[in-house]
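# Chain and residue survey
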Amino acid sequence: METERLELREFNDEDISVLHTIFSDAETMKYYPSPFNLQQTKNWIDKNKQRYREDGYGLWAVCLKESKELIGDCGLVKQIVDGKTEVEVGYHIHKKYWSKGYATEAAKGCVEYGFTHLGQEKLISIIDPKNGPSIRVAEKNGFMKEKESFIFNKIHAIYSLQ
């Protein structure tokens, strides 16, 4: 998938080291239990490869069109929220590219893909209530806070778009 400035593609094994520089950063992973080690990053890519095979989608590598540089991930993931299967738009962008609109642009492309190509009627984003930047990305793409739910061992805000 392409947007104005980005290309989203499936992850491959060559992406592990670059993705690890993003996922091992404490500031980037502030709202996760901890930054990822190299094996956790490899597992992340392997899990998404499994999603591509089983669901036809997952989190994709976000690359700058001009340079092909990998700057993060964004995509669609099945999640169980309050006993119901939902499709989440998720994203992580390397901190040196924050505040440039890349997360919003990538997420917008994924929203369009989810509604147009996958026929989803609703998409969600699961966000730590303290994560203002991720909340802004969701709201810029039309998502509104639906509720709070206990998921991933803590309370998260569930934003949705129908």
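What comes next is a walk through the structure. Within each chain, residue numbers correspond to sequence positions counted from 1 in written order. Residue-level local features of this predicted model are given only where pLDDT is at least 70; pairs of side-chain atoms are given and counted only at 80 or more, and the full residue set underlies all totals for whole chains, interfaces and linings. The basis for the side-chain values is all heavy atoms of the structure; hydrogens and waters are excluded.

## Considering the packing of aromatic side chains
Two aromatic rings are characterised by how far apart their centres lie and by the angle between their planes. Aromatic pairs are defined between Phe, Tyr and Trp rings, using the six-membered ring for Trp, whenever the two ring centres lie within 6.5 Å; interplanar angles under 30 degrees are classed as stacked, those over 60 as edge-to-face, and all others as tilted. On inspection of all chains with the given rule, the structure shows seven aromatic pairs. For the pair Y32 and F36, a centre-to-centre distance of 5.9 Å together with 80° between the ring planes defines the contact as edge-to-face. In this scheme, a residue with accessible area under 20% of its type's maximum is buried, one over 50% is exposed, and one in between is partly exposed, where area comes from a 1.4 Å probe on protein chains only. What makes F36 buried here is its relative accessible area of 12%. On the basis of an interplanar angle of 80° and a centroid distance of 5.4 Å, the ring pair of W60 and Y113 is categorised as edge-to-face. One end of the pair, W60, is in strand 2 (residues 59-64); the other, Y113, is in helix 3 (residues 102-116), and 53 residues separate them in sequence. Its relative accessible area of 8% is what places W60 among the buried residues. Three or more aromatic residues link up through ring pairs in this structure, and these residues are F23, Y32, F36 and W44. A helix here means a DSSP run of H or I that spans at least four residues, while a strand means a run of E at least two residues long, and both kinds are numbered starting from the N terminus.

## Some details on the pattern of salt bridges
By definition, a salt bridge exists where a carboxyl oxygen of Asp or Glu is found within 4 Å of a side-chain nitrogen of Lys or Arg. Inspection of the entire model under this criterion finds 15 salt bridges. Across the pair K68 and E7 runs a salt bridge, and its minimum N-O distance is 3.3 Å. In this pair, K68 sits in the loop between strand 2 and strand 3 (70-81) while E7 sits in strand 1 (residues 6-9), placing the two residues 61 residues apart along the sequence. One salt-bridge network, in which partners are shared between bridges, spans D25, E27 and K95.

## Focus on the environment of D25
In this structure, D25 sits in the loop between helix 1 (16-23) and helix 2 (38-55). Counting along the chain gives 43 residues from D25 to K68, while the straight-line C-alpha distance between them is 21 Å. With residues up to four places along the chain from it excluded, the contact list for D25 reads P35 and K95. The definition of a polar contact used here is a pair of N or O atoms within 3.5 Å, where within protein one atom must be able to donate a hydrogen and the other to accept one, and adjacent residues in sequence count solely through side-chain atom pairs. A polar side-chain atom of D25 sits 3.0 Å from a polar atom in the side chain of K95. Contacts are assigned to residue pairs that have any heavy atoms within 4.5 Å of one another.

## Digging into the environment of L70
Residue placement: L70 occurs in strand 3. Distance from L70 to E7, taken between C-alpha atoms, is 9.3 Å for residues 63 residues apart in sequence. What L70 contacts, discounting residues up to four positions off in sequence, is F11, D15, V18, L19, A61, V62 and C63.

## Structural notes on the pairing of strand 4 (residues 84-93)
Note on strand geometry: in a regular strand, side chains alternate between the two faces of the sheet. The buried fraction of strand 4 amounts to eight of the ten residues, a majority that puts the element mostly inside the structure. Where strand 3 lies against strand 4, ten bridges are found, and the strand directions are antiparallel. Residue pairing in the sheet places K78 in a bridge with V87 of strand 4. Pairing between two strands requires that DSSP report at least two bridges joining them. Connecting strand 3 to the next strand, strand 4, in antiparallel fashion are two residues, including D82 with a positive phi near 50°.

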